[in-house]
Amino acid sequence: MNTMDKTGIGAAVPPETGVAGRVAALLARMSLAEKVGQLAQISGADFMPGPKAEELIRKGGAGSVLWLNDTRRFNELQKIAVEESPLGIPLLFALDVIHGYRTIFPAPLAMAASWDPAVAEEAQAVAAKEARAAGIHWTFGPMVDIARDARWGRVVEGAGEDPYLGAAMAAAQVRGFQGTDLADPERVAACAKHFAGYGAADGGRDYDPVYLPEAHLRNVYFPPFQAAVEAGVSTFMSAYMDLNNVPATGNRWLLRDVLREEWGFEGFVVSDALAVGNLVIQGYARDKRDAARRALEAGLNMDMASGAYLENLVDLVQDGTLSMDQLDEMVRPILTLKVRMGLFEHPYTDETRLEKVVALPEHREAARRAAQRSMVLLRNEGGILPLSKDLENVAVIGPLADSMEATEGSWMVFGHEPAAVTVLQGIRAKLPGAKIAYAPGPEIRRDIPSPFDEMHAGTKKPVQTPEAAEEAFRTAVETARGADLVIMVLGENANMAGEFASRGSLDLPGQQEALLKAVSALGKPVALVLLNGRPLSINWAAAHVPAILEAWEPGTEGGHAVADILFGDVNPGGKLPVCFPRSGSHAPLYYARTLTHAPETSPMYRSRYWDSPTTPLYPFGFGLSYTTFAIADLNLSAQQVQVGDTVTVTASVTNTGQVAGDEVVQLYIHQRWGSDSRPMRELKGFERVTLQPGETKTVVFHLGPDELKYWSTQANGWIQEAAAFDVWVGADALATLHAEFEVVG
Ligand code: NOJ
């Protein structure tokens, strides 16, 4: 029997041989060129030079296709792979589905602000369902890079500055994308990226080198990655930049020693785009051949679109530089994923399915809920929020008030047309009988355009002339003057955060602050809604604008969610997953620093600068509510425990206000002395609780070896030490409710 007929060898290898058996059977029949093909991810977009996708696939020269978002085309290419390539091995279609496919959810930073991993899990489950219905098998998410420098544009894609919160969000997203069974036709394979340290780029400049001591990598930057492995993530992506002078894509220590040997990761690693070839540009590899060899030896399975593997690996094996065993080791996990996902049995996608799936009302409901839970109330002087629904004459002002792009935010999937409910639309829907005047004010724009701007659909708006900007400014002020109350919607455009979107300043771009001042000078009540993907140094607003709601990049239902909160249908309960510096020049800034001989907590040394306080404008974990809470009754199960034992910490939280609301109770610790200095505070527990007025709940946290151990520079390993510990429980990183305990050896 010809086993290489129309159904391909993949289907001919009986499932009862088990996953490993099927993979071994396939490997045994694959030619060298076909193996190399599986290690190549090729571009499905026409902006890349080189051989056409069809040609490569037909020869068996592609394991995966990216940068394509077209179900019909997926099926066409898959048909070539399954029916015309030598062994009929199906392709894996990959795309960046970061916070939604058609139904866009809040950006990952916003979801982290929910402090509710269930939000992230549900969002990514919906994203997976929609993406899979379109024919996508594999997403390049979650992005789990810790980011402590708000200038770095990609802070929006991750969960912020903290490893503990970051690990919880990483695991939740993996569960959301993948579910419990990779063969589930409503799920996609996930990819933890960018391994590792990318968020610590020098000066917050995207792609710039990273220097991180091992202890810092292990204590701060690795935990979300390890959590992703423990949650069963299928793949990893190596980062672009140099890590301690070794590019992450060629970094054997990262990809083999840590990821595989220590953490037991059994999936595969894809490079970031073109990163294998880039090893030459980075001054690491001599040429593309050298790059291919070194990346493969380092443990990099799949070359994303650089061509280095396709062009060189056959040769490198034939001349004995690399062995067939080395190659097989890299191919095996790729085939394994394809078998596990059931692609051999179900390689095609029903082209009518997507529209039915994206129309499900529960997707929009989930997006609205996620946006509501993600927003952070930063200021509410005099309780001006929530606003009354009896308002009759409101002005909505600002360049982002009616911007679908800014509402959906950065990282839209290829070909996605923004279709968000804007803040203006959300307010109009909430107050159908009121007069709602709108004026955008002057436009905002990057000084230096993004290379990605060209890739977005839609006509490009010409740059506003200074005269037109002046006129827009005047009109905005006049529009505000005619209203009883003003809602300003300011922040950053979608292309101002994300990849290639770092900036030196954290101020509101363009003339937004000037407009805010001019409108505030009218003496009317003003509420400020921020749409942005990073902390902003809104010092003036924080001192002068009575109400500030951080709405982030809230997604498709963002405008409704903003209106739900502004008008009191929902009580905000989100908390900052990053601190807000007072200036871009204060970055990197984060709460979990080590103490110094002159701690900033002492009145004598209260700032590191003489020209401004260095404390954050808003601390990590901060967020207000329309009600008030009291956190009390901090209790520890023991004052003294042995190394290895667990202390149980309890505290009560009471809603002391008039309306139901959510509080995020946070637990921080500090190890007072040890082999190494330890951060003055570290988050080691949190719980978001909903309380009716007058209601009290008890929250319970556990501090055991997992929470108390750390990677010590001096011990060159993980240790848990006998030492005294401080414990704080409260509503942000400045919590004052304190207790202590001792660990004895
Ligand atoms: C480059 C980005 O760094 C990465 O996050 C993304 O997944 C790839 N391009 C693929 O689009």
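A quick note: this is a predicted structure, and the numbers were derived from the prediction, not measured.

## Quick look at the packing of aromatic side chains
Argument step 1. Under the defined criterion, the tally for this structure stands at 24 aromatic pairs.
Argument step 2. The ring of Tyr590 has Arg148 sitting right over it, with the charged end atom 4.2 Å from the ring centre.
Argument step 3. Directly above the ring of Trp728 sits Arg681, whose terminal nitrogen or CZ lies 3.9 Å from the centroid.

## With respect to the environment of Val489
Argument step 1. Tracing the chain through its elements places Val489 in strand β14 (residues 485-491).
Argument step 2. On the basis of relative accessibility, which here comes to 0%, the residue Val489 falls in the buried class.

## Some thoughts on the domain arrangement of the chain
Argument step 1. Along its sequence, the chain is organised into domain 1 (371-577) and domain 2 (629-744).
Argument step 2. Using only C-alpha atoms to locate each centre, domain 1 and domain 2 end up separated by 36 Å.
Argument step 3. Each partner contributes to the roughly 550 Å² buried at the junction of domain 1 and domain 2, and carbon and sulfur atoms together form 36% of this total.
Argument step 4. Among the residues of domain 1 in contact with domain 2, Arg373, Asn571 and Lys575 are the three that bury the most area, contributing 79% of the side total.
Argument step 5. Across the domain 1-domain 2 interface, the total number found is 2 salt bridges.

## What about the side chain of Gln512?
Argument step 1. Mapping Gln512 onto the fold places it in helix α21 (residues 512-520).
Argument step 2. Residue class for Gln512 comes out buried when judged on its relative accessible area of 2%.

## Topic: helix α10 (residues 223-230)
Argument step 1. Listed as buried for α10 are Pro224, Phe225, Ala227, Ala228 and Val229.
Argument step 2. Against α8 (163-178), β5 (191-195), α9 (214-221), β6 (235-238) and α11 (252-262) lie the buried residues of α10.
Argument step 3. Looking one or two places after α10, you find Gly232, whose phi comes out positive at around 90°.

## Things to note about helix α2 (residues 18-29)
Argument step 1. When the terminal C-alpha atoms of α2 are compared, their 17 Å separation across 12 residues agrees well with the 16 Å that a helix rising 1.5 Å per residue should span.
Argument step 2. Among all positions in α2, only Arg22, Val23, Leu26 and Leu27 are buried. End-on view of α2: buried residues confined to an arc of 135°, all on one side of the axis. For α2, the exposed residues set more than 90 degrees away from the buried face come down to Ala20 and Ala28.

## Details of the sheet that holds strand β17 (residues 629-636)
Argument step 1. Judged by pairing direction, the sheet is antiparallel, and its 3 strands sit side by side in the order β17-β19-β22 without closing on themselves. Among the strands making up the open sheet, the edge pair consists of β17 and β22 (696-703). For this sheet the average axis-to-axis angle between neighbouring strands, irrespective of direction, equals 20°.
Argument step 2. Looking at chain direction, β17 and strand β19 (residues 647-655) are connected through 6 bridges and run antiparallel. In the strand pairing of β19, Ile631 is matched with Val653.

## A few points about the sheet that holds strand β21 (residues 682-691)
Argument step 1. Read across the sheet, 5 strands follow the order β18-β26-β25-β20-β21 without closing on themselves; strand pairing throughout is mixed. Bordering the open sheet on either side are β18 (640-642) and β21, each of which pairs with just one other strand. The sheet shows a mean angle of 25° between the axes of neighbouring strands, direction not considered.
Argument step 2. Note that strand β20 (residues 661-671) and β21 share 9 bridges and pair antiparallel. Paired with Gly661 across the two strands is Leu691, which belongs to β21.

## Comments concerning the packing of helix α13 (residues 288-298) against helix α14 (residues 308-318)
Argument step 1. Between α13 and α14, the least distance of the axes is 9 Å, while the angle of their chain directions is 80°. What the angle tells us is that α13 and α14 run roughly perpendicular. Residues Lys288, Arg289, Ala292, Arg293, Ala295 and Leu296 of α13 touch α14, and the partners they reach there are Ala308, Tyr309, Glu311, Asn312, Leu313, Asp315 and Leu316.
Argument step 2. Residues that form the contact of α13 with α14 fall into these classes: 7 nonpolar, 1 polar and 5 charged.

## Quick look at the site of the ligand
Argument step 1. Around the ligand, 13 residues are found, and the nearest of them are Asp96, Arg154, Lys193, His194 and Asp272.
Argument step 2. In the model, an oxygen atom of the ligand is placed 2.7 Å from a nitrogen or oxygen of the Arg154 side chain.
Argument step 3. The separation between an oxygen atom of the ligand and a polar side-chain atom of His194 is 2.7 Å.
Argument step 4. When isolated, the ligand has an accessible area of 300 Å², and the protein chains bury 96% of it.
Argument step 5. Classifying every residue of the shell around the ligand by side-chain character gives 7 nonpolar, 1 polar and 5 charged.

## Focus: the packing of α8 against α10
Argument step 1. The contact between α8 and α10 brings their axes to 8 Å, and the two run at 30°. Between α8 and α10, the interaxial angle falls into the category roughly parallel. Regarding α8 and α10, the two cross each other, and that crossing is right-handed. Note on element contacts: α10 touches α8 through Pro223, Pro224, Ala227 and Ala228, opposite Pro163, Gly166, Ala167, Ala170, Ala171 and Val174.
Argument step 2. Looking at the contact of α8 with α10, its residues break down into 9 nonpolar, 1 polar and no charged.

## Section: unusual backbone geometry
Argument step 1. Here the bond from Leu385 into Pro386 is cis, since omega is -5°, no more than 30 degrees from zero.
Argument step 2. By the element assignment, Pro386 lies in the loop between β11 (376-380) and β12 (393-397).
Argument step 3. Backbone torsion omega between Ala587 and Pro588 reads -5°, so that peptide bond is classified as cis.
Argument step 4. For Pro588, the position within the fold is in the loop between α23 (558-566) and β17.
Argument step 5. Unlike most non-glycine residues, Tyr207 shows phi in positive territory, near 80°.
Argument step 6. In this structure Tyr207 comes out as partly exposed when scored by relative accessible area, which is 29%.

## A few points about the pattern of salt bridges
Argument step 1. Scanning the model with the defined rule gives 49 salt bridges in all.
Argument step 2. Among the salt bridges present, the one from Arg73 reaches Glu54, with a minimum N-O distance of 2.9 Å. On the criterion of sequence distance, the pair formed by Arg73 in helix α5 (residues 71-84) and Glu54 in helix α4 (residues 53-58) is long-range, its members being 19 residues apart.
Argument step 3. The salt bridge involving Glu557 is made with Arg364; its shortest N-O contact spans 2.5 Å. Of this pair, Glu557 sits in the loop between β16 (547-550) and α23 while Arg364 sits in helix α17 (residues 361-374), placing them 193 residues apart in sequence.
Argument step 4. Connected through shared salt-bridge partners, Arg368, Lys389, Lys430, Asp564 and Asp569 make up one network.

Rules of the game
Residues numbered from 1 in each chain as written. Predicted model: local features only at pLDDT ≥ 70, side-chain atom pairs only at ≥ 80, totals over all residues. Heavy atoms only, no water. Phe/Tyr/Trp six-rings, centres within 6.5 Å; stacked < 30°, edge-to-face > 60°. Lys NZ or Arg CZ within 6 Å of the ring centre and 35° of its normal. Helix = DSSP H or I, 4+ residues; strand = E, 2+ residues; numbered from the N terminus. Buried < 20%, exposed > 50% of the residue type's maximum accessible area, 1.4 Å probe, protein only. Domains from an automatic or database assignment. Buried area = accessible area lost by both parts, 1.4 Å probe. Salt bridge = Lys/Arg side-chain N within 4 Å of Asp/Glu carboxyl O. Contact = heavy atoms within 4.5 Å. Expected span 1.5 Å × (residues − 1). Arc of directions from axis to C-beta. Pairing = 2+ DSSP bridges. Axes fitted to C-alpha atoms, helices over the stretch in contact; angles between N-to-C directions. Parallel < 35°, antiparallel > 145°, perpendicular 65-115°, else oblique. Nonpolar A, V, L, I, M, F, W, Y, C, P; charged D, E, K, R; others polar. Near = heavy atom within 4 Å. Polar contact = N/O pair within 3.5 Å; in protein donor to acceptor, adjacent residues only side chain to side chain. Areas by Shrake-Rupley, 256 points an atom, 1.4 Å probe, with all protein chains shown as cover. Left-handed = near helix turned anticlockwise from the far one by under 90°.

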